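So you can see what is in the structure, the chains are spelled out below.
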Amino acid sequence: MNTAASNSKHSLPGPDDITRVELPNGITVLSRAASSSQTVVISGYVRAGALSDPDEKLGLADFTAAALMRGTERRSFSEIYDALESSGASLGISAGVHTTSFHGKALGEDLDLLLQLLFEALSQPVFPPQQVERLRSQILTGLAIRAQDTGEMASLAFDRIVFAGHPYGRPQDGLPETVSRITREDLVAFHRSSFGPKGMVIAVVGAVDPGQAVEKVAAVLGSWENPDQDEPPALPPVRELNGTVEEKVTLPGKSQADIILGALGPERRSADYMAASLGNNILGQFGMMGRIGQSVREKAGLAYYASSSLAAGLGPGVWYVSAGVDPANVPRAIDLIRAEIRRFVSEKVSPEELQDSQENYIGRLPLSLESNAGVASALVKLERYQLGLDYYRNYEQMVRSVTPEDILETARRYLDPDRLAVAIAGP
Amino acid sequence: MSDAITRIHLSNGLLVLLKEIHTAPIISHWIWYRVGSRNEIPGYTGISHWVEHMQFKGTPQFPAGVLDREISRQGGYWNAFTHLDWTTYFETLPVDKIDLALRLEADRMTNSLFTEEDVASERTVIISERQGNENEPLFRLSEEVQAAAFRVSPYHHEVIGDMVDLYHIQRDDLYQHYRRYYVPNNAVLAVAGDFDTPAMLERIRKLYEPIPAGEVPPSPNRPEPEQNGERRVTVEGPGDTTYVQVSYHAPAASDPDFYPYTVLDSLLTGPNNLNLFGGGISNKTSRLYEALVDRELAVSISGGLQATIDPFLHTILTIPHPQRSPDEVLAALDEEILRLHQEQPSPDDLARAVKQARALFAYGSESITNQAYWLGFSEMFASYDWFLTYLDNLAAVTPEDIQRVAQKYLRPQNRVVGIYRPVENGAVPE
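Being a predicted model, the structure only gives us computed values, none of them experimental.

Calculation rules
- The numbering scheme is per chain: residues are counted from 1 as the chain's sequence reads.
- Here the convention is simple: chains get letters from A, ligands get numbers from 1, in the order in which they are written.
- Confidence filtering applies because this is a predicted model: local features only for residues at pLDDT of at least 70, side-chain atom pairs given and counted only at 80 or more, and all residues used for totals across whole chains, interfaces and linings.
- Side-chain metrics rest on all non-hydrogen atoms present in the structure, leaving aside hydrogens and water.
- We count a stretch as a helix when DSSP gives it H or I for four or more residues in a row; a strand needs E for two or more, and each element gets its number in order from the N terminus.
- It is over C-alpha atoms that the radius of gyration is taken, and the globule rule equals 2.2 Å times the number of residues to the power 0.38.
- Working definition: with a 1.4 Å probe on protein chains only, accessible area under 20% of the residue-type maximum means buried, over 50% means exposed, and in between means partly exposed.
- Note on contacts: a residue pair is in contact if any heavy atoms of the two residues lie within 4.5 Å.
- With residues, only the protein chains shown are counted as cover, and all accessible areas are computed by Shrake-Rupley using a 1.4 Å probe.
- Counting rule for charge: Lys and Arg are taken as positive, Asp and Glu as negative, and neither His nor the chain ends is counted.
- We put the charge of a Lys on NZ, of an Arg on CZ, of an Asp on CG and of a Glu on CD.
- The domain limits used here are those given by an automatic or database domain assignment.
- When two components associate, each loses some accessible surface as probed by a 1.4 Å sphere; the sum of these losses over both components is called the buried area.
- The term salt bridge refers to a pairing of a side-chain nitrogen on Lys or Arg with a carboxyl oxygen on Asp or Glu at a separation within 4 Å.
- We define a polar contact as two N or O atoms separated by no more than 3.5 Å, with the added condition that, inside protein, one atom must be a possible hydrogen donor and the other a possible acceptor, whereas residues neighbouring each other in sequence contribute only through side-chain atom pairs.
- Strand pairing is assigned whenever DSSP identifies at least 2 bridges connecting the two strands.
- The axes used here are C-alpha line fits, helices contributing only the stretch in contact, and every angle between their N-to-C directions lies in the interval 0 to 180 degrees.
- For a helix, the expected span equals 1.5 Å multiplied by the number of residues minus one.
- Ring pairs shown here join Phe, Tyr and Trp side chains whose ring centres sit within 6.5 Å, with only the six-membered ring taken for Trp; geometry is labelled stacked below 30 degrees between planes, edge-to-face above 60, and tilted in between.

Looking at the overall build of chain B
Of regular secondary structure, chain B possesses 15 helices and 11 strands. In terms of overall dimensions, chain B is globule-like: its C-alpha atoms have a radius of gyration of 23 Å, near the 22 Å expected for 430 residues. Expressed as lengths along the three principal axes of its C-alpha atoms, the size of chain B is roughly 60 × 55 × 40 Å. With 430 residues in all, chain B has 62% of them scored as buried. Within chain B, contacts between residues at least 6 apart in sequence are counted, and of these 81% link residues at least 24 apart. Carbon and sulfur atoms make up 49% of the accessible area of chain B, which totals about 15,600 Å². When the 36 basic and 59 acidic side-chain charges of chain B are each reduced to a single mean position, those positions are 2 Å apart.

Considering the overall build of chain A
Of the regular secondary structure elements, chain A holds 16 helices and 11 strands. The C-alpha radius of gyration computed for chain A amounts to 23 Å, which stays within 12% of the reference 22 Å derived for 427 residues, consistent with globular compactness. Each principal axis of the C-alpha distribution contributes one length, and for chain A these read about 60 × 60 × 35 Å. Counting every position in chain A, which comprises 427 residues, the buried fraction comes to 58%.

Here's the deal with the domain arrangement of chain A
Residues and elements named next belong to chain A. Split into domains, chain A comes out as domain 1 (15–221) and domain 2 (245–426). Taken over C-alpha atoms, the centre of domain 1 sits 28 Å from the centre of domain 2. Residue-level contacts link 38 residues of domain 1 with 36 residues of domain 2. Buried surface at the junction of domain 1 and domain 2, both sides included, amounts to about 3,000 Å², of which 72% is carbon and sulfur. On the domain 1 side of the interface with domain 2, the three residues burying the most area are Thr150, Phe158 and Ile161, jointly 22% of the side's total. For aspartate 16, the salt bridge is made with arginine 393, and the minimal N-O distance between the two is 2.8 Å. For the interface between domain 1 and domain 2, the tally reads nine residue pairs in polar contact (both at pLDDT 80 or more). Listing elements by their share of the side of domain 1 that touches domain 2, those giving two or more residues are strand S2 (28–33), strand S3 (39–46), helix H6 (150–162) and strand S6 (201–206). The element contributing the most residues to the side of domain 1 that touches domain 2 is H6, with 10 residues.

What to know about the side chain of A:Arg170
Residues and elements named next belong to chain A. By secondary structure assignment, the location of arginine 170 is in the loop between H6 and helix H7 (176–181). Here arginine 170 falls in the buried class, since its relative accessible area comes to 19%. At a separation of 3.2 Å, a polar atom in the side chain of arginine 170 contacts the main-chain carbonyl oxygen of alanine 50. Sequence-distant contacts of arginine 170, that is, excluding residues within four places in its chain, are made with Ala50, Leu51, Asp53, Pro54, Asp55 and Leu58.

Topic: the interface of chain A and chain B
It is common to give the size of an interface as the accessible area that goes away when the parts come together. Counting from both sides, the interface comprises 67 residues of chain A and, opposite them, 73 residues of chain B. Each partner contributes to the roughly 5,700 Å² buried at the junction of chain A and chain B, and carbon and sulfur atoms together form 52% of this total. Where chain A touches chain B, the interface holds nine salt bridges. For A:Asp82, the salt bridge goes to B:Arg352, with nearest N and O atoms at 3.1 Å. The tally of links between chain A and chain B comes to 40 residue pairs in polar contact (both at pLDDT 80 or more). No other element matches the nine residues that helix H13 (residues 351–368) of chain A contributes to the side of chain A that touches chain B.

A few points about the sheet that holds strand S2 (residues 15–20) of chain B
Residue and element names in this part refer to chain B. Ordered by their spatial adjacency, six strands build an open sheet running S1-S2-S6-S3-S5-S4, and the pairing between neighbours is mixed. With one partner strand each, in any of the chains shown, strand S1 (6–9) and strand S4 (77–82) form the two edges of the open sheet. With direction set aside, neighbouring strand axes in the sheet form an average angle of 10°. Lying over the sheet, helix H8 (residues 197–208) contacts S1, S2, strand S3 (26–33) and strand S6 (187–193), oriented at roughly 155° with respect to S2.

Remarks on helix H5 (residues 137–149) of chain B
The periodicity of an α-helix, 3.6 residues per turn, causes residues three or four places apart in sequence to face the same way. Residues and elements named next belong to chain B. Given a rise of 1.5 Å per residue, 13 residues ought to cover 18 Å, and the 18 Å separating the end C-alpha atoms of H5 matches this to within 8%. Here H5 has its buried residues at Pro137, Phe139, Arg140, Leu141, Glu143, Val145, Gln146, Ala148 and Ala149. Taken together, the buried residues of H5 touch helix H4 (116–134), strand S7 (231–237), strand S8 (243–249), strand S10 (313–320) and strand S11 (415–422).

Focus on unusual backbone geometry
The backbone of A:Gln386 shows a phi angle near 50°, a positive value even though the residue is not glycine. Here A:Gln386 lies in the loop between helix H14 (372–384) and helix H15 (391–400). In this structure A:Gln386 comes out as partly exposed when scored by relative accessible area, which is 49%. Non-glycine residue B:Glu296 carries a positive phi angle of around 60°. Position of B:Glu296 among the secondary structure elements: in the loop between helix H10 (287–293) and strand S9 (298–305).

A short note on the packing of aromatic side chains
All chains considered together, the criterion is met by 47 aromatic pairs over all chains. Consider the rings of A:Phe190 and A:Phe195, whose centres lie 6.2 Å apart with planes at 85°: the pair is edge-to-face. As far as the burial class goes, A:Phe190 and A:Phe195 line up, both buried. Where B:Tyr155 meets B:Phe312, the ring centres are 5.2 Å apart and the plane angle is 80°; that geometry is what we call edge-to-face. You can see B:Tyr155 sitting in the loop between H5 and helix H6 (163–168) and its partner B:Phe312 sitting in the loop between S9 and S10, a full 157 residues away along the chain. Residue B:Tyr155 shares its accessibility class with B:Phe312, and that shared class is buried.

Observations regarding the side chain of A:Arg268
Residue and element names in this part refer to chain A. Relative to the helices and strands, arginine 268 is located in the loop between strand S8 (257–265) and helix H10 (273–284). Here arginine 268 occupies a buried position and makes no salt bridge, while the nearest side chain of opposite charge, glutamate 267, is found at 10 Å. Residues within four places of arginine 268 in sequence aside, it is in contact with Tyr273, Ala312, Gly313, Tyr385, Leu387 and Tyr391.

Okay, structure coming up:
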């Protein structure tokens, strides 16, 4: 098959084909050509997140983000969605811990509309009182559904243990009592102090020339200013666990229990990240969920899913194993998982295992960049973690340079089978 | 983008569809078998899905572990799905690695082992999968609605199967099901991506043509009799949230009514996304969103229609506002449906639905995997022409068609209303 020709046509993103422009008001615009596409994707974030939520008003950033498209100075809720949906376009805005992210897509001809709606939602929301109350009911229903979800409840309990006393340990979508307390004035005030062009990043990928994409973003968002925009809050330090801490959340009437075991992990920008990531792939991702899948699912037949994850962001991350098992098998599954973690921090992974995961990482990169959404997300990631425009070009070399020794040392820095956060949610 | 494809039958009856796409160095390979929960009988529900699981347990040439290791080493992704009418396996790989998928799928069409030991460990995995589903109120509700809607048709049961059958099915049952349905003349091979058609076809012939044709399994023939009166089911379970599911018997995908019904569904709850990859869009200007959510009778609304061989269900799902009852929600829903019976929608409403469908098609075509999916999926209930003419057929729908289809299908006598009622502490009476 015509491999050689193909590879030369489709190189990985790099400094020579990524357009990156900083607008005078602080917005960073990224773009890359995708000539064959009929559609366009926008993706990015503003520097407003749940980290600023007061304890008694947890969920404020989440509520604010959800309310941005409920009415702006120029358009009502129904006018906003009529414009979007009539074009077959979509735009969503949601809060994370550090940032509020947006994702939109449209046919190429509707990019201007998408940018205009994004601008209005981010900079001119009016938070109509009736819409705020309607949204509150929807959020509260979402929280009631969450309270019945064994996976979500185990995850919240895990965060409470591993991030005890740290803002990361709080549920970013809030609690029923805190969401009930948030007023429209809180939304207005949070928006005024946190939303602004400083630190905003936007990637535009698809049926638009990158130069034009930058011009269009500048024309719509280039005049946005907010002199009241706060600096992001500082992140307090985290504390490591002294021993294993377990929490069980009881949900009567459920058929299955979800379990999560783990500890703190590296930040995304940490020098440990690549070794931890490849190690995690061996532990509980590669093929059918790595060693964990092999032990818990394939050999013991205990779970439909059992895998490990490394969640690394701007601050400290988490490294954990999760599984859904028959409530009667919880202790057995925990024993098997703990044994795999013990092996993982006791002996080096084999050169074959490491090579498998290295090949997997290198081979899947072009697949992840197949769609406009994949490229946009890759560009935003470069900016969020300051990885450098040559990151994807250097990626193979970075992946290949990790050794079994690196993985063992890194694993030992983060994982200890006798000092784990263990969260269980089930009947 | 060109729509030119190659569609031929090999001498053993295997239908092959190929589509060259040269936008990324990727190939996606799908093998489809005409077997799903529709082909199952009581006592053996869930067997098709279980066979799908066993297909990952290895052959002499590709023992378990070797299989997924080989694909993953190439950076590929792969998965399998079992549904009402079909079971499918796909691999998406960098262009120079696709031969692995071709060899693997040709091999496991006939050579999977199904050892007793693997059957035993997979039994508990699948039971765990079902328990995970049972944790979800919406699974519990939809399972009961589906069972109430189909008394005769094999669409009666969920794809995962009933728990009692998951305990009862044995190794030989699974193996016989596999040998009976996994024959080339009951399969469709679809490949899309960065290849050259003559070379790809030659390779496919070499690998797949030696597999002998089998006896084509008979198609189940237990059509559901017409429903004559609304059916209601209630499911009680843990939680604080009430769910209401309203399901109407809907036309099969090959029925001409399917197109106007698709537009009708789009008007009611937003555009139906038939893509497997590539998300949909919001539905906040749909009629039922305005009638239920904007009026604060409900906090969410969604709906959809599936493309199936036999008539299946058009489902509307809503969560009543905490201060409202399911009956208030149903009354408002019926008001909107009555409006569709009485008034034809405007041509603008129709044009909008068609533009939305066009946009969803464009999003779906961004992914080579999704394009390969359509090549085979459309053959499961119609043919690839169905996909090619889909947008034109939607554009040809008239306001009169919408009204006629609303009157024909959206009747209380033709529906099942299901209500999930939360009970204190999840204390479901045993």
